[in-house]
Structures are given as structure tokens and as C-alpha cells.
Amino acid sequence: MEIISDIGTMEKWRDKGEKVAFVPTMGGLHQGHLSLIDLARESADRVVVSIFVNPMQFGENEDFADYPRTLDGDLKLLEKCQVDCVFVPDAEMIYPDNVVFTRAGLEEKRYLFETLCGKTRPHFFYGVLQVVRRLFEIVRPDVAVFGQKDYQQLQIIKQFTEGVEIIEGAIVREESGLAMSTRNQYLSMGERLIAANLYKILCQLQQGELGIKSVTKQLQSYFELDYLVMLDANTLKQITDNTSKIAILCVVFLGSTRLIDNIIFTK
Ligand code: PAF
């Protein structure tokens, strides 16, 4: 496994040809990431994983400084998964002065960036798109794999990147049903037990056992609710007669830990 931290070497590695699949990450790797790597391996000859905690997608009062940085452990895991190359750039490389991120062309789709998670994290999706476009420019993958857990992020990447086939990886859950996430490391043992209720409650909504009002109440008895919505999964807008796929999307806080989860199903 090659570990590359500069752009020139990364570009040379890429120039060797063959079909390349890319899994961008911020490290803190868990089984969810490993499932994305499996998908990447199935769809190309060589697999690149990047590890970069992107400052542009954190707001002022968010956990950029505390975000789990577990490079040694991550590299061991990636070696075991037979990843071909790990790209570990630093912020100066990703954001040199001459690279300007433009929001041109995004204005008319502002809704997608500013709804749901974008309401409380207005910088977030612009920061994600910026780094993903920049990483694509450097790695030039044929295929890139993203998880469905960050469903809004996935929709934005699918709509606003070009020339790379985007593959979606299903949510990987702990035995308790809790969606795997790097931020689960922040939870105490007691909080983990409480967190397991999130998915159980969302399943009741999907199965029609409870309506959205009762589910909201139930969630509020365990968590501080940021949002719970049922929307058209393709547009992230109200469900209409034309809706074929529904998204239940939810964000809650447990103490200071933000938990995100969703269920996507056909109507
Ligand atoms: O989902 C993530 O881990 C990040 O948002 C991503 C896509 C690696 C961009 O920093």
C-alpha cells in the first residue's frame, strides 16, 4: 500500500492507468468505511482512499479540533483491506491560494444546500462539495463511493460533480441498529444504549405503525430533535403523486453528539 501526501506523487500514481475507484474519508475509519472500500474494489482495478479532515465543512462552534484523528489505526485497517493507495494531503495542498471555489451554477439549487442539515450548518455542503471537487481534480478517479448515511451530501455530490461515476454504499449498523459513524466515538456506554432508539423509532414510522407526530414525540423523549422529515427521496421536497421513493431523514442530538440517520424506501 502506498501512502502519498503530495499532489505530484499522487498524480504520477494515477498516471499509471487502469480503472481507479476512490473513497474520500475524514479518517476515524469504521466498518461503514470498510464496506465502501469493498464496493470500490468490486468496481475498479485499483483503490485509493483519502484521509483529510476538511476544515471548510466545519462551522466555528463545531468539532473540527476534536474530530477523531486516528491515522495509525486507520492505516493498519486500510493495509488489511488491501487498499492500493492512501492519499493524506494537508490543508495547504488542498487549498492553495490560487484555487478558488466558485458557487457559480449552484445558486438556482441553493435549496439543496440550505435545507435540512444546511439550515443549522449553512457552510457544510458548500465545504463538502469544494473538497470533493478538489480531490476529484487531483485523484481523477473513474468511480467514487459515498455512503447513504449522509443522504443529502450524497444527493449534492451526485448532482454537482462531473465525469466520475458515483456509487452509493448502504448504511452499516451496529447490532443495536445504531448507524455507524466516526462521531459515535463521542458516546458513553449509557448514551450508546439510548442512541439505539433512534433507528428503532424511525422503523416504526417507515412501517406505518406510528405517524410523524407520535414519532416526533418519541424521539423528543430521548433526544434533542433537530429535524425529522418524510420527503421525496429524489428531490428532497414534499412527497407528491409522482414520488416513487421516500426518504425519512432525521438528525438528533444526544448530549453534544449529533446523530444522523435515514431510511429510504420505495412507495
Ligand atoms: O462524508 C465524509 O466523510 C466527508 O464529508 C467527505 C465526503 C469525505 C468530504 O470531506
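The structure this text deals with has already been given above.
Treat the numbers as computed from the prediction; the structure is a model and nothing was measured. (Residues numbered from 1 in each chain as written. Predicted model: local features only at pLDDT ≥ 70, side-chain atom pairs only at ≥ 80, totals over all residues. Heavy atoms only, no water.)

Enquirer: Break down helix α1 (residues 7-15) for me, citing the residues and quoting the values.
Expert: All of the buried residues along α1 are Ile7, Met10, Trp13 and Arg14. Buried residues in α1, looked at end-on, bunch into an arc of 120°, giving them a common side. Residues Lys12 and Asp15 are exposed on α1 and point more than 90 degrees away from its buried face. As for α1, its buried residues are in contact with β1 (2-4), β2 (20-25), β3 (46-51), β4 (85-87), α4 (91-94) and α7 (124-139). Between a side-chain oxygen at the N-terminus of α1 and the backbone nitrogen of Gly8 the separation is 3.3 Å; the capping residue is Asp6. Remark: Gly17 follows α1 within two positions and exhibits a positive phi of approximately 85°. (Buried < 20%, exposed > 50% of the residue type's maximum accessible area, 1.4 Å probe, protein only. Helix = DSSP H or I, 4+ residues; strand = E, 2+ residues; numbered from the N terminus. Arc of directions from axis to C-beta. Contact = heavy atoms within 4.5 Å. Polar contact = N/O pair within 3.5 Å; in protein donor to acceptor, adjacent residues only side chain to side chain.)

Enquirer: Can you lay out the side chain of Asp74 for me, pointing to particular residues and giving the numbers?
Expert: Along the chain, Asp74 falls in helix α3 (residues 71-80). One buried charged residue, Asp74, forms no salt bridge at all, with the nearest opposite charge on Arg69 at 9.8 Å. In this view, Asp74 contacts Gly27, Gly28, Leu29 and Ile51; residues no more than four positions away in its chain are not counted. (Lys, Arg positive; Asp, Glu negative; His and termini not counted. Salt bridge = Lys/Arg side-chain N within 4 Å of Asp/Glu carboxyl O.)

Enquirer: Outline the side chain of Arg14, supporting the account with residue identities and numerical values.
Expert: With respect to the helices, strands and loops of the structure, Arg14 is situated in helix α1. According to the relative accessible area criterion, Arg14 is buried, its value standing at 10%. Those residues in contact with Arg14, other than ones at most four positions away along the chain, are Val20, Arg46, Val139, Arg140, Pro141 and Asp142.

Enquirer: So what's going on with the environment of Phe113? Which residues, and what values?
Expert: In this fold, Phe113 is placed in helix α5 (residues 110-114). Residue classification places Phe113 among the buried residues on the basis of a relative accessible area of 0%. C-alpha separation for the pair Phe113 and Pro96, spaced 17 residues apart in sequence, amounts to 24 Å. When neighbours within four sequence positions are excluded, Phe113 is seen to be in contact with Leu106, Gly118, Phe125, Tyr126, Leu129, Ile156 and Phe160.

Enquirer: Which residues make up the packing of aromatic side chains, and what values do they have?
Expert: Both the distance between ring centres and the angle between the ring planes are used here to describe each pair of aromatic rings. Scanning the entire structure with this criterion turns up 9 aromatic pairs. When the centroid spacing of 6.2 Å and the interplanar angle of 65° are considered together, the rings of Phe22 and Phe136 count as edge-to-face. A residue pair is termed long-range when its members are at least 10 positions apart, and Phe22 in strand β2 and Phe136 in helix α7 qualify at 114 residues. For the pair Phe58 and Tyr67, a centre-to-centre distance of 5.7 Å together with 75° between the ring planes defines the contact as edge-to-face. Look at Phe58 and you get buried, because its relative accessible area is 9%. Overall, Tyr67 belongs to the buried group, its relative accessible area being 7%. Taken together through their ring pairs, the aromatic side chains of Phe22, Phe136 and Phe146 make up a single cluster. Here the basic side chain of Arg121 rests over the ring of Phe124, its NZ or CZ set 4.3 Å away from the ring centre. The lysine or arginine in question, Arg173, covers the ring of Tyr199, its NZ or CZ lying 3.4 Å from the ring centre. (Phe/Tyr/Trp six-rings, centres within 6.5 Å; stacked < 30°, edge-to-face > 60°. Lys NZ or Arg CZ within 6 Å of the ring centre and 35° of its normal.)

Enquirer: Residues and numbers for the sheet that holds strand β5 (residues 143-147), please.
Expert: Ordered in space as β1-β4-β3-β2-β5-β6, the 6 strands form an open sheet in which the pairing is parallel. Whereas interior strands pair on both sides, the edge strands pair on one side only; in this sheet they are β1 and β6 (165-169). For this sheet, the mean inter-axis angle between neighbouring strands, taken without regard to orientation, is 25°. Where helix α8 (residues 151-160) meets the sheet, it contacts β5 and β6, and its direction lies at approximately 165° from that of β6. (Pairing = 2+ DSSP bridges. Axes fitted to C-alpha atoms, helices over the stretch in contact; angles between N-to-C directions.)

Enquirer: Which residues make up the site of the ligand, and what are the values?
Expert: Contacts to the ligand come from Pro24, Thr25, Met26, Asn54, Gln57, Val128, Val131, Phe146 and Gln153. Within the contact set of the ligand, an oxygen atom lies 2.7 Å away from a side-chain nitrogen or oxygen of Gln57. Protein burial of the ligand: of its 290 Å² of free accessible surface, 88% is covered by the chains. Among the elements of the structure, β2 and α7 are those that each provide at least two residues to the shell around the ligand. (Near = heavy atom within 4 Å. Areas by Shrake-Rupley, 256 points an atom, 1.4 Å probe, with all protein chains shown as cover.)

Enquirer: I'd like to hear about the sheet that holds strand β8 (residues 245-254), residue by residue, with values.
Expert: Taken together, 3 strands build an open sheet; the order of strands is β7-β8-β9 and the sheet is antiparallel. For this open sheet the edge positions go to β7 (224-232) and β9 (257-266), each flanked by a neighbour on one side alone. Strand after strand, the sheet turns through a mean of 10° between neighbouring axes, direction not considered. As paired elements, β7 and β8 share 8 bridges and run antiparallel to each other. Within the sheet, the bridge partner assigned to Asp232 lies in β8 and is Ile246. Along the sheet, helix α10 (residues 197-206) contacts β7, β8 and β9; its crossing angle with β9, the most-contacted strand, is approximately 30°.

As far as function goes, none of this settles anything; it's purely spatial.
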